[in-house]
Amino acid sequence: MLQADTYKEKGARKLLVQELKEKGISDEKVLNAIGSVPRHQFIHKDFKHLAYLDKAFPIGEGQTISQPYTVAYQTQLLQVEPANKVLEIGTGSGYQAAILVAMGANLTSIERQNKLFVKTQKLFKALQIEANLILGDGSIGYALNAPYDRIIVTAGAPKIPDALIGQLIVGGIMIIPVGDNNQQTMHILIKKPDGSMENIQLDQFRFVPLIGTQAW
Ligand code: SAM
């Protein structure tokens, strides 16, 4: 299953980091994580040779591994500090999760598709990546490990799920794409001391849908 991390992969990752810098990613911690996580391990064998292109690829079950630019963009907005408790909704291939762990997050990541959950669990074991991987509906969060310093949603939501707001600490940050099935706006939400949310809206993206109780 694992394919060696050769000079070729290392060189390709450096070029990807350079490309992301040129596209506006400036956070050194994010760029270092992109430069260290072997994306080719998270990609279906048919696309491995393309792993360091800035492109999304199918991962099975109708889902995708997000484009590196999107991963870097969301991670930069999340402002993860080492030992932050982070909740990710939509584990998928595990690539975004591995980036967060590389940045020192204490990560809980939820996936609703059993096949993807099992595959990523095996991969994390093989790569010795430490994270709490959970099978379930992330639109209602994961109360057992709450509250979280950071929440990142990697699927397109029709609205901001109340459950996720409830599981964020005061001063915590949530990054979530919200919109219709074709296009979503990236939202940064910051929880204020009175429990209300500051809501900043940024660029447009296209994600697979968030499916669940507080989703589509
Ligand atoms: N972070 C992933 C990566 O790095 O590969 C991105 C995966 S894909 C864009 C979004 C994932 O969200 C899919 O694997 C999908 O099955 C999952 N998903 C959709 N709705 C969900 C929900 N309610 N709870 C958990 N996962 C969900």
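None of the values given here were measured: they were computed from a predicted structure.

**Student:** Explanation requested: the side chain of lysine 191 in the structure shown.
**Tutor:** With respect to the secondary-structure elements, lysine 191 resides in strand β8 (residues 184-191). Salt bridges are absent for the buried lysine 191, whose nearest opposite-charge side chain, aspartate 194, sits at 9.3 Å. Among the polar contacts made by the side chain of lysine 191, one reaches the main-chain carbonyl oxygen of isoleucine 165 at a distance of 2.8 Å. The contacts of lysine 191, once residues within four sequence positions are left out, are Ile165, Gly166, Leu168, Ile169, Val170, Gly171, Gly172, Ser196 and Met197.

**Student:** What's the story with the packing of helix α2 (residues 28-36) against helix α4 (residues 95-102) in this structure? I'm lost.
**Tutor:** Two measures define how a pair of helices packs: the angle their axes make with one another and the distance between the axes. In the contact formed by α2 and α4, the axes pass within 9 Å of each other and the chain directions differ by 120°. Judged on the interaxial angle alone, α4 and α2 are oblique. The two elements α2 and α4 meet at a crossing, and its hand is right-handed. Contacts from Ala33, Ile34 and Ser36 of α2 reach α4 at Tyr95, Ile99 and Ala102. Considering only residue class, the contact of α2 with α4 consists of 5 nonpolar, 1 polar and no charged.

**Student:** Sorry if this is basic, but what is going on with the sheet that holds strand β5 (residues 132-135) here?
**Tutor:** A sheet is described by the order of its strands in space; here 7 strands give the open sequence β5-β4-β3-β6-β7-β8-β9, paired in mixed fashion. Only two strands of the sheet have a single neighbouring strand rather than two, namely β5 and β9 (197-205). Along the sheet, successive strands turn relative to each other by an average axial angle of 15°, direction set aside. In this structure, strand β4 (residues 106-111) lies alongside β5, joined through 4 bridges in parallel fashion. Bridge pairing in β5 links glutamate 111 to leucine 135. Docked against the sheet, helix α5 (residues 114-127) engages β4 and β5, running at close to 165° with respect to β5.

**Student:** So what exactly am I meant to see when it comes to the pairing of strand β3 (residues 85-89) here?
**Tutor:** In regular strands, side chains alternate between the two faces of the sheet. With respect to burial, β3 is a largely interior element, 4 of its 5 residues being buried. The pairing of β3 with β4 spans 5 bridges and is classified as parallel. Its bridge partner lying in β4, isoleucine 89 is registered against isoleucine 110. With α4 bridging β3 and its parallel neighbour β4, the resulting β-α-β unit is right-handed. As defined by bridge partners, β3 adjoins strand β6 (residues 148-153) across 4 bridges and the pair is classed as parallel. Bridge assignment links glutamate 88 to a residue of β6, and that residue is isoleucine 152.

**Student:** What should I look at first to understand the packing of aromatic side chains in this one?
**Tutor:** Think of a pair of aromatic rings as described by two things: how far the centres are apart, and how the planes are tilted against each other in angle. Per the counting criterion, the structure on display carries 5 aromatic pairs. With a centroid separation of 5.8 Å and 50° between ring planes, the pair formed by tyrosine 69 and tyrosine 73 is classed as tilted. With tyrosine 69 and tyrosine 73 both in helix α3 (residues 68-78) and 4 residues apart, this pair spans about one turn of that helix. Through a chain of ring-to-ring contacts, the aromatic side chains of Tyr69, Tyr73, Phe205 and Phe207 assemble into a single cluster. If you follow arginine 39 out to its NZ or CZ, it ends over the ring of tyrosine 95, 5.5 Å from the centre. Lysine 85 extends its terminal NZ or CZ atom over the ring of tyrosine 148, reaching a point 5.9 Å from the ring centre.

**Student:** What is the right way to look at the nonpolar core in this model?
**Tutor:** Within soluble globular proteins, side chains that are nonpolar generally end up buried alongside one another. With 45 residues, the main nonpolar core has Ile34 and Phe42 as its most contacted residues. Within the residue set of this core, elements represented by two or more residues are α1 (7-22), α2, β1 (57-60), α3, α4, α5, β7 (168-179) and β8. Residue contributions to this core peak at 6 residues, all from α3. If we ignore the near neighbours within four places in the chain, the residues touching isoleucine 34 are Arg13, Leu16, Val17, Leu20, Pro68, Ala72, Tyr95 and Ile99. Core analysis: the next-biggest nonpolar cluster, separate from the first, contains 18 residues, Ile110, Tyr148, Ile151 and Ala215 among them.

About the thresholds
- Residues numbered from 1 in each chain as written.
- Predicted model: local features only at pLDDT ≥ 70, side-chain atom pairs only at ≥ 80, totals over all residues.
- Heavy atoms only, no water.
- Helix = DSSP H or I, 4+ residues; strand = E, 2+ residues; numbered from the N terminus.
- Buried < 20%, exposed > 50% of the residue type's maximum accessible area, 1.4 Å probe, protein only.
- Lys, Arg positive; Asp, Glu negative; His and termini not counted.
- Salt bridge = Lys/Arg side-chain N within 4 Å of Asp/Glu carboxyl O.
- Polar contact = N/O pair within 3.5 Å; in protein donor to acceptor, adjacent residues only side chain to side chain.
- Contact = heavy atoms within 4.5 Å.
- Axes fitted to C-alpha atoms, helices over the stretch in contact; angles between N-to-C directions.
- Parallel < 35°, antiparallel > 145°, perpendicular 65-115°, else oblique.
- Left-handed = near helix turned anticlockwise from the far one by under 90°.
- Nonpolar A, V, L, I, M, F, W, Y, C, P; charged D, E, K, R; others polar.
- Pairing = 2+ DSSP bridges.
- Right-handed = clockwise from strand over helix to strand, strands pointing away.
- Phe/Tyr/Trp six-rings, centres within 6.5 Å; stacked < 30°, edge-to-face > 60°.
- Lys NZ or Arg CZ within 6 Å of the ring centre and 35° of its normal.
- Core = buried A, V, L, I, M, F, W, Y, C linked by side-chain atoms within 4.5 Å.

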